[in-house]
Every structure is written in C-alpha cells, then in structure tokens.
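Chain and residue survey
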Amino acid sequence: MLHGLIERLRQKKRTAAYPGKPPVLPERFRGLPLIAEAACQTGSCGKACASACPTGAIQTHDNGLSLDLGLCIFCAACASACPHAAISFSREYRLAGTSREHLVIRAGRCGQAEDNPGDIPLLVPLDRKLRSMFSRSLKLREISAAGCNACEADCNALGNILFDVQRFGIDFVASPRHADALLITGPLPKNMRLAVQKCHAAAPNPKIIIAAGTCAISGGLFRNLSGQGKGVPELFKPDLYIPGCPPHPFTILDGLLRLLGRI
Ligand code: SF4
C-alpha cells in the first residue's frame with residue numbers, strides 16, 4: 001500500500017491538462033495544411049501537387065488550388081512535389097467540422113470565407129435539447145467498417161491515462177442499444193453495409209453519427225476500388241466529420257467536446 005502511494009507520488013499526474021492548456025503534440029504531428037496563395041502558381045508548375053496526391057484531394061483552379069481534408073491522408077506528397085513550397089503543414093489539430101463543405105481548404109481558409117469566418121473547419125455544436133441530453137454523458141459505439149485499425153487504435157487510445165476521455169463523461173459501450181452515438185471508422189465497403197445499418201437501427205433515437213478518419217468521410221484511398229465504399233455519407237448524413245489518417249486522439253477529443261459545447 002505504502003509502496004503504491006510512493007510510486008503514485010513519484011509518477012505524478014500523467015493525464016493531459018487539455019482542454020485547460022493546449023495539447024502537447026508529437027514532434028512529427030501533421031495538422032491543418034496551409035496553402036500560401038501568393039506562392040501557388042498553378043499555371044506554371046504543371047499541377048505537380050494534384051498529380052502527386054494519391055487520393056485526388058487537391059483540385060486546381062485558375063487562381064490557386066483547393067484541398068479537401070475529407071480526402072487527405074496527410075502523406076505530405078503534395079508539399080514535397082510543389083516547386084514553390086506553396087503547401088505546408090501546420091500543427092493545428094482542430095480539424096473536425098459539422099459540414100462536408102467546410103473541410104475544403106482554399107487559400108488558408110476552410111469553406112467559403114463568408115460562411116466560415118474562422119480558419120479551421122466550422123463546427124456547430126448540437127442544439128440545446130441534444131446538449132442537455134449528451135453534454136455530460138455520451139456513450140459511443142465504435143463500428144470498424146473495414147478500417148485498417150489505425151483510426152480504431154487512436155479511438156482506443158482515448159481511454160488511456162493520457163487522454164482519459166471518461167473524465168468528460170464520454171465512454172465506449174459494447175452494444176448499440178446502449179449508445180448515444182455511432183462512431184464509424186473505415187471506408188464502409190459493400191460487405192459491411194448491412195451490419196452498419198443493423199447497428200444504426202439498434203441504437204435508440206436521437207443518435208449522433210460520427211465519421212472518424214478519411215476513409216469514413218469519403219472512402220479515402222479505397223473509394224474507387226471495386227466492393228469498397230465512399231464512407232459513411234453513402235448511408236447516413238454524419239453529424240460530425242473528423243479528418244485524419246488516422247485522426248490524432250486530441251483531434252477526436254476536440255471534435256467531440258466542441259460538438260457537445262464543452263469547449
Ligand atoms: S497530404 Fe493530402 S493533399 Fe497532400 S498529397 Fe497527401 S493526400 Fe494529397
């Protein structure tokens with residue numbers, strides 16, 4: 001007993017001070033891509049970034065380019081290919097949004113400037129009634145719809161001592177019948193559709209649908225392969241999109257807490 005207490009004092013508190021303090025991110029973390037409008041010269045570079053992108057996340061326009069976070073796997077091939085260094089990656093981890101349109105970045109802004117005055121994807125919290133139901137207690141049923149286990153592993157990490165998602169009243173449950181929200185990962189191929197639909201039907205209303213990771217948002221790398229799906233939007237409209245390949249646990253946590261109006 002005494003030994004346990006001494007060890008506890010020696011190790012001190014390991015849980016992140018987030019959201020009271022900004023999260024400590026790993027050195028190699030890649031966050032929100034930045035597009036330097038002045039440096040981008042799509043007319044003279046042969047659209048090297050779009051050619052290098054394995055998922056078709058980049059569209060070029062006469063006056064620059066747009067980058068879809070819902071398709072991006074954060075591989076940084078575009079940044080390496082650009083001869084003018086017009087694309088770089090920030091350490092901004094707040095990537096989640098409530099509309100697909102706002103995941104598209106153009107000249108450093110997410111969505112159209114007039115409908116999103118911020119520089120991260122717009123995330124509209126749940127309405128007052130849903131917040132009163134879920135903001136202090138949200139039970140998630142995770143559905144791995146043929147994910148590669150990266151998104152699933154980072155969802156799993158939310159329960160460890162560093163992120164400790166349970167301190168916010170958020171937890172994962174084993175049955176959709178006990179769930180307030182379905183958190184879906186993976187590209188949702190044809191073979192998984194019936195299972196996901198049954199899971200959706202089993203969850204009580206009102207329920208929140210969360211697409212976590214690039215595959216769940218759009219199918220990602222797999223969206224044009226036979227038998228594969230284009231993510232959750234093919235079946236249900238997500239209430240929350242969390243980009244990333246995989247999304248960092250702080251990105252997931254930030255999305256959940258902002259959706260619940262907790263930060
Ligand atoms: S980082 Fe994203 S936009 Fe850039 S090449 Fe990779 S997938 Fe495409």
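Residues numbered from 1 in each chain as written. Predicted model: local features only at pLDDT ≥ 70, side-chain atom pairs only at ≥ 80, totals over all residues. Heavy atoms only, no water.

Attention now moves to the overall build of the protein. Within the protein, the secondary structure is distributed over 8 helices and 11 strands. Relative to the globule expectation of 18 Å for 263 residues, the C-alpha radius of gyration of the protein, 19 Å, shows essentially globular dimensions. Taking the principal axes of its C-alpha atoms as reference, the protein extends roughly 70 × 45 × 35 Å. Taken across its 263 residues, the protein has 49% of its residues classed as buried. On the protein, roughly 13,100 Å² of surface is accessible, and the fraction owed to carbon and sulfur atoms is 53%. (Helix = DSSP H or I, 4+ residues; strand = E, 2+ residues; numbered from the N terminus. Rg over C-alpha atoms; globule rule 2.2 N^0.38 Å. Buried < 20%, exposed > 50% of the residue type's maximum accessible area, 1.4 Å probe, protein only. Areas by Shrake-Rupley, 256 points an atom, 1.4 Å probe, with all protein chains shown as cover.)

We now examine the nonpolar core. In terms of nonpolar packing, the biggest core is built from 38 residues, with Ile184 and Val232 touching the most fellow members. Listing elements by their share of this core, those giving two or more residues are β3 (64-68), β4 (87-89), β9 (181-185), α6 (190-202), β10 (208-212) and α7 (214-218). Formed by 32 residues, the second largest nonpolar core is a distinct cluster that contains Phe29, Ala181, Ile210 and Leu260. (Core = buried A, V, L, I, M, F, W, Y, C linked by side-chain atoms within 4.5 Å.)

Residue placement: proline 187 occurs in the loop between β9 and α6. Residues proline 187 and alanine 211 lie 24 residues apart in sequence; the distance between their C-alpha atoms is 9.8 Å. Beyond its immediate chain neighbours, meaning those up to four positions away, proline 187 contacts Ala145, Ala146, Gly147, Cys215, Gly219, Phe222, Gln228, Gly229, Lys230 and Gly231. (Contact = heavy atoms within 4.5 Å.)

This part covers the domain arrangement of the protein. A common way to express how large an interface is: the accessible area buried when the components associate. Here the protein is partitioned into domain 1 (33-94 + 103-108) and domain 2 (128-259). The C-alpha centroid of domain 2 is placed 27 Å from the C-alpha centroid of domain 1. Facing the 12 residues of domain 1 at the interface are 14 residues of domain 2. Taken over both partners, the interface formed by domain 1 and domain 2 buries close to 1,000 Å², and the fraction arising from carbon and sulfur atoms is 68%. Here domain 1 is connected to domain 2 by 0 salt bridges. Inspection of the region where domain 1 meets domain 2 yields 4 residue pairs in polar contact (both at pLDDT 80 or more). Here the residues of the side of domain 1 that touches domain 2 are counted per class, giving 8 nonpolar, 3 polar and 1 charged. (Domains from an automatic or database assignment. Buried area = accessible area lost by both parts, 1.4 Å probe. Salt bridge = Lys/Arg side-chain N within 4 Å of Asp/Glu carboxyl O. Polar contact = N/O pair within 3.5 Å; in protein donor to acceptor, adjacent residues only side chain to side chain. Nonpolar A, V, L, I, M, F, W, Y, C, P; charged D, E, K, R; others polar.)

Now for the sheet that holds strand β7 (residues 138-144). Spatially, the 5 strands line up as an open sheet ordered β8-β7-β9-β10-β11, and their pairing is parallel. With partners counted over all chains shown, the strands left at the sheet margins are β8 (170-172) and β11 (240-242), one partner each. Taken pair by pair, the neighbouring strands of this sheet meet at an average axis angle of 25°, ignoring direction. Note: β9 against β10, 4 bridges, orientation parallel. Looking at the pairing, leucine 182 lines up with isoleucine 209 of β10. Taken strand by strand, α6 contacts β7, β9 and β10, and its axis lies near 165° from that of β7. (Pairing = 2+ DSSP bridges. Axes fitted to C-alpha atoms, helices over the stretch in contact; angles between N-to-C directions.)

Attention now moves to the packing of aromatic side chains. In total, this model carries 4 aromatic pairs according to the counting rule given. Geometrically, the ring pair formed by phenylalanine 163 and phenylalanine 250 is edge-to-face, given 4.9 Å between the ring centres and 75° between the ring planes. Here phenylalanine 163 is found in the loop between α5 (150-157) and β8, whereas its partner phenylalanine 250 is found in helix α8 (residues 249-259), with 87 residues between them in sequence. In terms of burial, phenylalanine 163 and phenylalanine 250 fall into one category: buried. Grouped by ring-pair contacts, the aromatic residues Tyr18, Tyr93, Phe163 and Phe250 constitute a single cluster. (Phe/Tyr/Trp six-rings, centres within 6.5 Å; stacked < 30°, edge-to-face > 60°.)

Most of α8 sits inside the fold, with 11 of its 11 residues counted as buried. Listed in full, the buried residues belonging to α8 are Pro249, Phe250, Thr251, Ile252, Leu253, Asp254, Gly255, Leu256, Leu257, Arg258 and Leu259. Its buried side turned inward, α8 meets β7, α5, β8, β10 and β11. Once α8 ends, the next one or two residues include glycine 261, with phi positive near 70°.

Before going further, it helps to spend a moment on the site of the ligand. The full set close to the ligand counts 14 residues, and Cys53, Cys72, Cys75, Ala76 and Cys78 are the nearest of them. For the shell around the ligand, the residue count by class is 13 nonpolar, 1 polar and no charged. (Near = heavy atom within 4 Å.)

Of all 5 residues making up β10, 5 are buried, and the element is well covered by its neighbours. Burial along β10 is two-sided: the face carrying Ile208, Ile210 and Ala212 and the face carrying Ile209 and Ala211 are both buried. Crossover connection from β9 via α6 to parallel β10: handedness right-handed. (Right-handed = clockwise from strand over helix to strand, strands pointing away.)

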